[in-house]
Amino acid sequence: MSPLPCDIAELRTLFLFEKLDEEQLEWLCEHGHIEHFEPGPVYHEGDPATCFYVMIEGGLALSRRVGEEDVEITRTTAPGVYAGAWRAFLGDRVPQTYDGSMRVTEPSRFYVLDADLFEQLMRDWFPMALHMLEGLFFGMQNTQAAVGQRERLLALGSLSAGLTHELNNPAAAAVRATSALRERVAGMRHKLGLIAAGPYDRIALGTLIKLQEQAVEHVAKAKPLSPLEAADREDELADWFDEHGIAGGWDLAPTYVQAGLDVAWLDEVADTIDPSILEGALRWLNYTIDTELLMSEIEDSTTRVSTLVTAAKQYSQLDRAPFRPVDVHELLDSTLLMMGRKIGDGVTVVKDYDHSLPEVPVYAAELNQVWTNLIDNAIAAMDGVGTLTVRTARDEDRLLVEIGDTGPGVPAEIKSRIFEPFFTTKPVGSGTGLGLDISWRIVVNKHHGDLSVESAPGDTRFQVRIPLTTQEATS
């Protein structure tokens, strides 16, 4: 199509050009051209940005790609609106591609200027403004990167503090149990010497060893009791020890109760063992039971430490490929475990998982950052008291992960702004306003998914949708 005539007087009517002098308007007509477009697409998001467009008459619609859909962001018939390669003046310091798509909605005329010529125009005509625009653009970019890094460091520091606290408890319990176990083993050696020197024949020793094995079996099968049940059982056993002349029975009773042993079992022991050696036998069995209980406590504590280390490893994904198929429930569980201390006792966690979902190819470590941000926001919204619901489901050809809370909800007047960079409702110094922006970019830009929110007082749900099958995305 041959270019249409360029009319200087017509260009002067457009707000973008109204302050230009005659020489500048002549330059625009000499180096650019007028072009007619029928309804339809003009350029697509991601294509090389080759032209700068100014609408003279007609109508246009601009859209951005969000997940698998094109979302319209502007529709107008106002003369003078511009689009296209408007970032050409930044040169090769930024990718020179269209950051959205444009289509014409009715027969339209545009002034069109090549991107290279637009860059030249900006540098020659507006040098001071160009420096200020460059400073604004790259300054904002650097600020966002720096604050984003700070946001990640703050989250990491909070998680590290929580992990340290969680690790300290089982580690301290293991140390205490090991120290007590050393004392019990020393007592067993002493008691063994007394048994060897006492009036125990081979039959009595054999019986004692059998009772010892029975006690160990009971320890392994013992069921936890409520505090009231344990207290009643201890009273019964203490009375039994007093009736049989066992000194300090109140001190022996808790160990036997914790092992799941009752009065009936003690009666069997009394019927089996000679009364002259009953007290020594019961104290020997007490050492055996206490030793088993302490070893179980050490095992539980070290297992807890191992579980936390595994969760930290899963959360960080340091030893895994950046992009790989994962079970999203493992990522959610590791994040919840890492944030356990921050969640606190006042928040009830409800997991509603669809375990029939397949593994999903994702950037696992970065998705963990998304879960961290969403859960952290939910806890803050509830002020430490409420119900946190983590739900997974299939939404057609996408995975749905929903983080819900029972907080006051997101006010309608700010709902459209919560994903904006630096926007926060937290007090000054409490938030950077980048948590949701970072999450949005990870989900939408990197995973071609969608992040949205549905909110009402007492029911706020952030919904992450990710394609179940996808190609590796670029950062």
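The structure this text deals with has already been given above.
Below you will find a few notes about this structure. Just so we're clear, the structure is a prediction, and the values are computed from it rather than from any experiment. (Residues numbered from 1 in each chain as written. Predicted model: local features only at pLDDT ≥ 70, side-chain atom pairs only at ≥ 80, totals over all residues. Heavy atoms only, no water.)

Secondary structure summary: the protein chain contains 13 helices and 13 strands in total. The buried share of the protein chain, taken over its 475 residues, is 43%. Looking at the protein chain alone, contacts between residues at least 24 apart form 75% of all its contacts between residues at least 6 apart. Accessible surface, the protein chain: about 25300 Å² in total, of which carbon and sulfur atoms supply 54%. (Helix = DSSP H or I, 4+ residues; strand = E, 2+ residues; numbered from the N terminus. Buried < 20%, exposed > 50% of the residue type's maximum accessible area, 1.4 Å probe, protein only. Contact = heavy atoms within 4.5 Å. Areas by Shrake-Rupley, 256 points an atom, 1.4 Å probe, with all protein chains shown as cover.)

This brings us to the packing of helix α10 (residues 328-338) against helix α12 (residues 364-382). One can describe the packing of α10 onto α12 by two numbers: an axis separation of 10 Å at closest approach and a directional angle of 50 degrees. Considered as vectors, α10 and α12 are oriented oblique to each other. In the crossing of α10 with α12, the sense of the turn from one axis to the other is right-handed. Residues Val328, Leu331, Leu332, Ser334, Thr335 and Leu336 of α10 pack against Ala364, Leu367, Asn368, Trp371, Thr372 and Ile375 of α12. Here the residues of the contact of α10 with α12 are counted per class, giving eight nonpolar, four polar and no charged. (Axes fitted to C-alpha atoms, helices over the stretch in contact; angles between N-to-C directions. Parallel < 35°, antiparallel > 145°, perpendicular 65-115°, else oblique. Left-handed = near helix turned anticlockwise from the far one by under 90°. Nonpolar A, V, L, I, M, F, W, Y, C, P; charged D, E, K, R; others polar.)

The biggest cluster of nonpolar side chains holds 40 residues, and the ones touching the most others in it are Val370, Trp371, Leu374, Ile375, Leu388, Val401 and Val464. Put simply, the parts of the chain that give this core at least two residues each are α10, β9 (360-363), α12, β10 (386-395), β11 (398-405), α13 (435-446), β12 (450-456) and β13 (459-467). Broken down by element, this core gets its largest block of residues, nine residues, from α12. Once residues lying within four places of it in the same chain are set aside, the contact partners of Val370 are Ser439, Ile442, Val443 and Val464. Ranked by size, the runner-up nonpolar core spans 37 residues in total, among them Leu28, Cys29, Met55 and Leu113. (Core = buried A, V, L, I, M, F, W, Y, C linked by side-chain atoms within 4.5 Å.)

A word on the sheet that holds β11. The sheet built from five strands is open, its strands ordered β8-β10-β11-β13-β12 with mixed pairing. The open sheet has two edge strands with one neighbour each: β8 (347-352) and β12. Averaged over all pairs of adjacent strands, the angle between their axes in this sheet comes to 15 degrees, without regard to strand direction. Bridge count for β10 against β11 is seven bridges, and the pairing is antiparallel. From the neighbouring strand, Ala393 faces β11, where its bridge partner is Leu400. (Pairing = 2+ DSSP bridges.)

Moving on: the packing of aromatic side chains. According to the stated counting rule, one finds 10 aromatic pairs in the structure shown. Joined through ring pairs, the aromatic side chains of Phe37, Tyr43, Tyr53, Tyr98 and Phe110 make up one cluster. Its end group placed over the ring of Tyr363, Lys446 keeps NZ or CZ at 4.5 Å from the ring centre. (Phe/Tyr/Trp six-rings, centres within 6.5 Å; stacked < 30°, edge-to-face > 60°. Lys NZ or Arg CZ within 6 Å of the ring centre and 35° of its normal.)

We now examine helix α7 (residues 249-258). Of all the residues in α7, the buried ones are Gly249, Leu252, Ala253, Thr255, Tyr256 and Val257. Of the residues flanking the end of α7, it is Gly260, one or two places downstream, whose phi is positive at about 85 degrees.

Below, the discussion takes up the state of the cysteines. Within this structure, the stated rule accounts for one disulfide. With a sulfur-sulfur separation of 2.1 Å, Cys6 is cross-linked through a disulfide to Cys29. Sign of the S-S torsion, about -70 degrees for the bond between Cys6 and Cys29, identifies this disulfide as left-handed. Of this pair, Cys6 sits in the segment before α1 (8-12) while Cys29 is found in helix α2 (residues 22-31), placing the two residues 23 residues apart along the sequence. With a relative accessible area of 17%, Cys29 lands in the buried category. (Disulfide = S-S within 2.5 Å.)

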